[in-house]
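Here's the letter readout for the chains.
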Amino acid sequence: MHDNRVLILDFGSQFTQLIARRVREAGVYSEIHPCNVDPERVKAFKPSALILSGGPSSVLEGGCPALNMDYLDMGVPVLGICYGMQLMAHNMGGRVVASTDREYGRAQFSVQNDCVLFEGIEEKDNLTVWMSHGDRVEALPDGFLPMGRTDSIEFAAMGDAARRFYALQFHPEVAHTTEGALIIQNFLFKVAGLKPTWSMASFVDTCIADLKKQVGDAKVVLGLSGGIDSTVAAVLLHRAIGKNLHCIFVDNGLLRMGEKDEVVGFLAEHFELNVKFVDASREFLDKLVGVTDPEQKRKIIGYTFIDVFDREAKAIPGVRFLGQGTLYPDVIESESFKGPSAVIKSHHNVGGLPEKMNLKLVEPLRELFKDEVRRAAYELGLPEHIIWRQPFPGPGLSIRIIGEVTDERLGILRLADRIVQNEMVASDWYRKVWQGFAVLLPLKTVGVMGDDRTYENVIALRMVDSIDAMTADWSRLPSELLARISNRIINEVKGVNRVVLDISSKPPSTIEWE
Ligand code: XMP
């Protein structure tokens, strides 16, 4: 499928995903595999180059993750980073020693021996690089030359031009290494002679061709949520198999105002997706009566979704595949060599589905990072209002209504939330924040309206900035915007007389309130 392919062996560094990102940004397809991957899979992947990631271990300690030396005999160029460098040195006859102190942070690096990795860099004697390591290489293996040093490390880079083996003690993949992207590009293009053939357009084409091959003329069922991942997965599958894709959209009664029409109705109409709308709202809401515990709510909604989806899917004859919008970070997490403890997000709403339904999985986005999904969406011609939709949780408004979910409380929150969404879009802040929404609190406070005393509900505003939802900070929105949102909610939403702002970061808080 891809000619220019880089295999990244993961030795446990927190930066491994960044290496893959940088390689793909350079236009070269890359995949991360755990360092103890079955060698047959490495062979089958046919890498054109290999990158060994960093990692928290020390080659001087027993039981540290090992490098299968057969990989160095494949005749492909190798770049070792940090622990990857120490592994190369240790296994090829060099010497690694423990530093007295762990070196962490910026360092000034100077290039030696005209190393090709640093071509095109102006400040060859004063390059800022990012270090994070305990051990260091003290003697180079045979065939290697020193390629750069810092004040504290004599061999901060080494290389063997004949075998095209290079290694760096620092991390070129992190932004603090100022020329890091160029160093990685030099490895890909100048050392390995690769071509930048990975682009979203080529991904979309090959993905559709692969889906045709995988699915043939079988039927696929897919749960459309309105989120970008399931939407892009559906559009790709639709391009591949047309009407044999059966999408199911379950209205669980916990959606925002307009949710169904904005995305799913739009897709059915403009992209001619085959969508079955299932109104299961009463089934969900009846099960939530009297439930206030957040985990209980999530469980009830998860199980009910699986029941409804299973029932509806079985009503379509001849379905053999279940389509899902699984992304690459989920795949890596579940395959990580750190073992099953690091597994799949608890947020996965449809976790139990594949087992229950006995269907084969088809996951068109398994190779993509989140922002690449957005680029694929552009390629597929999806409109901006779908591409830039903020994430919305599977359990919907239920986890934004603290306490019991009732029709009345849903009504209040929907109106307040609509105002928040409208004002964010109108002020151009919608795309700048990661998520912005309203939360209905389980308490009433006193207010005054005209001459009357009121005793009504409180709405909290939750607006956060984030890159991946793992961490988040509260968004510093202009006070005029906050004032407008607050005034409109109190004036327009009957039953609310107070609006408060959540100014907590994640961690220790979470983005959602439940
Ligand atoms: P938290 O609240 O854990 O949320 O900081 C992180 C991100 O995940 C979303 N979220 C969910 N998404 N099903 C989902 O599909 C869920 O059960 C769920 N819970 C939280 C949340 O909106 C935020 O983007």
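Rules of the game
- Residues numbered from 1 in each chain as written.
- Predicted model: local features only at pLDDT ≥ 70, side-chain atom pairs only at ≥ 80, totals over all residues.
- Heavy atoms only, no water.
- Core = buried A, V, L, I, M, F, W, Y, C linked by side-chain atoms within 4.5 Å.
- Buried < 20%, exposed > 50% of the residue type's maximum accessible area, 1.4 Å probe, protein only.
- Helix = DSSP H or I, 4+ residues; strand = E, 2+ residues; numbered from the N terminus.
- Domains from an automatic or database assignment.
- Contact = heavy atoms within 4.5 Å.
- Buried area = accessible area lost by both parts, 1.4 Å probe.
- Salt bridge = Lys/Arg side-chain N within 4 Å of Asp/Glu carboxyl O.
- Near = heavy atom within 4 Å.
- Polar contact = N/O pair within 3.5 Å; in protein donor to acceptor, adjacent residues only side chain to side chain.
- Areas by Shrake-Rupley, 256 points an atom, 1.4 Å probe, with all protein chains shown as cover.
- Nonpolar A, V, L, I, M, F, W, Y, C, P; charged D, E, K, R; others polar.

## Details of the nonpolar core
Here comes step 1: Counting 74 residues, the largest nonpolar core has M88, L224, V232, L236, L267 and L382 as the members making the most contacts within it.
Here comes step 2: At 9 residues, helix α6 (residues 228-241) tops the list of elements feeding residues into this core.
Here comes step 3: When residues of this core are assigned to domains, at least three map to each of domain 1 (5-191) and domain 2 (200-387).
Here comes step 4: Ignoring any residue separated from it by four or fewer positions in sequence, one finds L382 in contact with T231, V232, V235, L267, F271, A377 and I387.
Here comes step 5: In terms of nonpolar packing, the next biggest core, distinct from the first, is built from 47 residues, L288, V319, L482 and I489 among them.

## Quick word on the domain arrangement of the protein chain
Here comes step 1: Structurally, the protein chain comprises domain 1 (5-191), domain 2 (200-387) and domain 3 (406-502).
Here comes step 2: Between the C-alpha centres of domain 2 and domain 3 the distance comes to 29 Å.
Here comes step 3: Contacts between the two partners involve 10 residues from domain 2, matched on the other side by 8 residues from domain 3.
Here comes step 4: Contact between domain 2 and domain 3 buries roughly 790 Å² in total, counting both sides, with carbon and sulfur atoms accounting for 45%.
Here comes step 5: Taken together, domain 2 and domain 3 are joined by 3 salt bridges.

## Some details on the site of the ligand
Here comes step 1: Taken together, the neighbourhood of the ligand is formed by 13 residues, with R298, Q435, K506, I511 and E512 sitting nearest.
Here comes step 2: K506 is positioned with one of its side-chain polar atoms (N or O) 2.7 Å from an oxygen atom of the ligand.
Here comes step 3: In this structure, E512 approaches the ligand through a side-chain N or O atom, which is 2.5 Å from an oxygen atom.
Here comes step 4: Contact with the protein chains covers 86% of the free accessible surface of the ligand, which is 490 Å².
Here comes step 5: Grouping the amino acids of the shell around the ligand by side-chain chemistry returns 5 nonpolar, 5 polar and 3 charged.
Here comes step 6: Summarising the domain contributions, the shell around the ligand has at least three residues from each of domain 2 (200-387) and domain 3 (406-502).

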